Structure formats: structure tokens, C-alpha cells
Amino acid sequence: MAAIIAIANQKGGVGKTTTTVNLSACVARMGRKVLCVDMDPQGNATSGLGIEKNKPLYSVYNVLVDKVPIKDAIITSVVANLHVVPSRKELAGAEIELVSVVSRETILKEALKEVENLYDYIFIDCPPSLGLLTLNSLTAAHTLLSPIQCEYYALEGISDLMGSVKLVRNRLNPTLDFDGVVLTMFDSRTNLSSQVVSEVKKFFGERVYSTLIPRSVRLGEAPSFGLPVIMYDPRSTGAKAYEALAAEFLSKKEGK
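Residues numbered from 1 in each chain as written. Predicted model: local features only at pLDDT ≥ 70, side-chain atom pairs only at ≥ 80, totals over all residues. Heavy atoms only, no water.

## Description of helix α9 (residues 191-204)
Move 1: Taking 1.5 Å of rise per residue, the 14 residues of α9 would be expected to cover 20 Å, and the 20 Å separating its terminal C-alpha atoms lies within 8% of that figure.
Move 2: If you check which residues of α9 are buried, you get Ser 193, Val 196, Val 197, Val 200 and Phe 204. With its buried residues spanning 100° around the axis, α9 presents them on a single face. Every exposed residue of α9 that faces more than 90 degrees away from the buried side is listed here: Asn 191 and Lys 202. (Helix = DSSP H or I, 4+ residues; strand = E, 2+ residues; numbered from the N terminus. Expected span 1.5 Å × (residues − 1). Buried < 20%, exposed > 50% of the residue type's maximum accessible area, 1.4 Å probe, protein only. Arc of directions from axis to C-beta.)

## Thoughts on the nonpolar core
Looking at soluble globular proteins, one finds that nonpolar side chains tend to be buried together.
Move 1: Of all hydrophobic cores here, the largest spans 52 residues; its most connected members are Leu 35, Val 37, Leu 64, Leu 112, Ile 122 and Ile 124.
Move 2: Ignoring anything within four residues of it in the chain, the contact list for Ile 122 reads Ala 2, Ala 3, Ile 4, Ile 5, Leu 35, Val 37, Leu 112 and Glu 116.
Move 3: Membership of the second largest hydrophobic core comes to 33 residues, among which are Ile 7, Val 182, Leu 219 and Tyr 242. (Core = buried A, V, L, I, M, F, W, Y, C linked by side-chain atoms within 4.5 Å. Contact = heavy atoms within 4.5 Å.)

## Remarks on the environment of Gly 12
Move 1: By the secondary structure assignment, Gly 12 is in the loop between β1 (3-7) and α1 (16-29).
Move 2: Separated by 20 residues in sequence, Gly 12 and Arg 32 have C-alpha atoms that sit 29 Å apart.

## Brief notes about the side chain of Glu 116
Move 1: Looking at where Glu 116 falls in the secondary structure, it is placed in the loop between α6 (107-112) and β5 (121-125).
Move 2: Despite its burial, Glu 116 pairs with no opposite charge; the closest candidate is Lys 113, at 6.7 Å N-O.
Move 3: Residues contacting Glu 116, with those up to four places away along its chain left out, are Met 1, Ala 2, Ile 4 and Ile 122. (Lys, Arg positive; Asp, Glu negative; His and termini not counted. Salt bridge = Lys/Arg side-chain N within 4 Å of Asp/Glu carboxyl O.)

## Some words on the packing of α1 against helix α12 (residues 237-254)
Move 1: The contact between α1 and α12 brings their axes to 9 Å, and the two run at 70°. By the criterion of interaxial angle, the relationship of α1 to α12 is roughly perpendicular. The element α1 and its partner α12 pack so that their crossing is right-handed. Side by side, α1 and α12 meet where Thr 18, Thr 19, Asn 22, Leu 23, Cys 26 and Val 27 of the first sit next to Tyr 242, Glu 243, Leu 245, Ala 246, Phe 249 and Leu 250 of the second.
Move 2: Here the contact of α1 with α12 is composed, by residue class, of 8 nonpolar, 3 polar and 1 charged. (Axes fitted to C-alpha atoms, helices over the stretch in contact; angles between N-to-C directions. Parallel < 35°, antiparallel > 145°, perpendicular 65-115°, else oblique. Left-handed = near helix turned anticlockwise from the far one by under 90°. Nonpolar A, V, L, I, M, F, W, Y, C, P; charged D, E, K, R; others polar.)

## Points about the sheet that holds strand β6 (residues 143-149)
Whether parallel or antiparallel, the strands of a sheet pair through hydrogen bonds between backbone atoms.
Move 1: Reading across the sheet, the 8 strands line up as β3-β4-β2-β5-β1-β6-β7-β8 and stay open at both edges, with mixed pairing between neighbours. Single-partner strands in this sheet number two, and they are β3 (75-76) and β8 (208-214).
Move 2: In this structure, β6 lies alongside strand β7 (residues 177-186), joined through 7 bridges in parallel fashion. When the sheet's bridge partners are listed, Leu 144 is paired in β7 with Phe 178.
Move 3: Strands β1, β5 and β6 of the sheet are contacted by helix α7 (residues 132-140), whose axis makes an angle of about 150° with β1.
Move 4: Taken strand by strand, helix α8 (residues 158-171) contacts β6 and β7, and its axis lies near 170° from that of β6. (Pairing = 2+ DSSP bridges.)

## Topic: the pairing of β8
Move 1: Of all 7 residues in β8, 5 are buried, a share of seventy percent or more.
Move 2: As defined by bridge partners, β7 adjoins β8 across 3 bridges and the pair is classed as parallel. Pairing of Leu 183 across the sheet is with Leu 212, part of β8.

## Focus on the environment of Met 39
Move 1: When you line up the elements, Met 39 lands in the loop between β2 (34-38) and α2 (44-48).
Move 2: Judged by its relative accessible area of 0%, Met 39 falls in the buried class.
Move 3: With 160 residues separating them along the chain, Met 39 and Glu 199 place their C-alpha atoms 30 Å apart.
Move 4: Residues in contact with Met 39, not counting those within four places in the same chain, are Val 60, Leu 64, Leu 91, Leu 108, Ile 124, Asp 125, Pro 127, Leu 133, Asn 136 and Ser 137.

## Observations concerning α8
Move 1: Under the 1.5 Å per step criterion, the end-to-end length of α8 is 20 Å for 14 residues, consistent within 8% with the ideal 20 Å.
Move 2: Turning to α8, its buried residues number three or more, namely Ile 158, Leu 161, Ser 164, Val 165 and Val 168. Burial along α8 is one-sided: seen end-on, the buried residues are contained in an arc of 120°. Of the exposed residues in α8, the ones pointing more than 90 degrees away from its buried face are Ser 159, Lys 166, Asn 170 and Arg 171.
Move 3: Each element contacted by the buried residues of α8 is listed here: α7, β6 and α9.

Quick look at the structure:
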């Protein structure tokens, strides 16, 4: 059965989708069967894995709203061993359409039961808000992984995020575990980045991944080519960082 990981932070611009795309790709390249579920209406994880947003017949919207079997929405990505449930812009209206639906917070969880035995890991890219889409993701997930950027407002919203986790545990998913924090946009040239790392480690302790994701031009360029950074520029600092993060992630999950 797959380990299901929601990648979320209520604050935008923290490298959430970048982490989803590149961690998924690196874990798949390491021989695991991986599914990426794009729950963000912007669909950046979809396009970042080489899929045209309007090309697939079905998207996660159809799974949530039209009850299309999730198997019918799964498509292959540019990475071997990595499949995607794509997003399209109509997902933005899903929260309104699902308001009156019974057990609306558990729709994704129930849908994933159909395929969770086919994968080793399922990564869910969440939108930067605590709406129904994120609640569906956190209810379906076994663990939460949260990217935090190495900038001045890094800890802003963390208390809100942890409050949301507590809420989900109390009402929807009592077994949801906090997998940890990935520090992104690290700039070794500034004291600020080092200070943020120190503060985040004080707050979260051993739950902070030791791998730091640096600021990288290549990480910014790769999505426009529809490729994860390990395929766009395998020798770049961004590619090496996400490969290291994937190795650390698998070590935590599999004890290797």
C-alpha cells in the first residue's frame, strides 16, 4: 500500500509545487512507483511534469465532482515510474460545487483507495490555502510535508498550518502525522538564510530535513520546459539538492 504524502503550506511562494514535482521525480527515478495528484487549480505540477493542462480527457476535478474513477484520470508523465492525476482550471470552482455534498472532505480519500495498492508513494500538491481541496488532501494523506522558504516571513503562518493539522486530526483524519519541514530557497551568501534555518530547527527540531534546497536559476527555468530539474539540468545544484532530499526521504520512510 502506498504512503500518501500531502505537500502543503498555507503561505504561497514557498516552493511547494517545485518540491512536489522534483521530489516525486527523484523518488520515481530511484525505482519507486509514484503517483502525483495535482490538487492546485493552477495546475503547475501538471505542466511541470510535461503534461498539457487541457489535453487529458479527465482531471482531478472530474474525480471529485463527477465521480469519475481515478484510474481513468491517471496519465503518464515525462518521468519513468511517475504517473499524474492532472489539474485543470475548472478545479477552482470545485469547492463551491461540493458545498452540499455529503462527506465532501473524504472524496479524494475514497477515490485513492482504488489505486493505492499500485504505487509505493502518492504525493499530493495542495493549493496555498485551507479550503476544501486542501482538507481533502490532508484527510486522504498519511503524512504532511511542509516546505518553508528561508526568508524573513518564514515562520509566518506556521502556527496556522499546525492549527489546521490539529483540526484535521480531531475531525477528519486522526492518524495524520507530520512528516517534517523542507527548507527551500536557501542562499548561503546571506546571514538571513542561516538564521531562518536555525529558527525553524528550534521550532520543529528533528522534523526538519537536513537537505537544504538552494535558490537556483535552473529550478526556476525547468517548469517552462515541462521538465523536473533532474531532467532539465542533472548537474545543477537544484537537481543535486532534490536527489539528496529524495534519498533522505526514502531513508526516513524505508529505514535504509
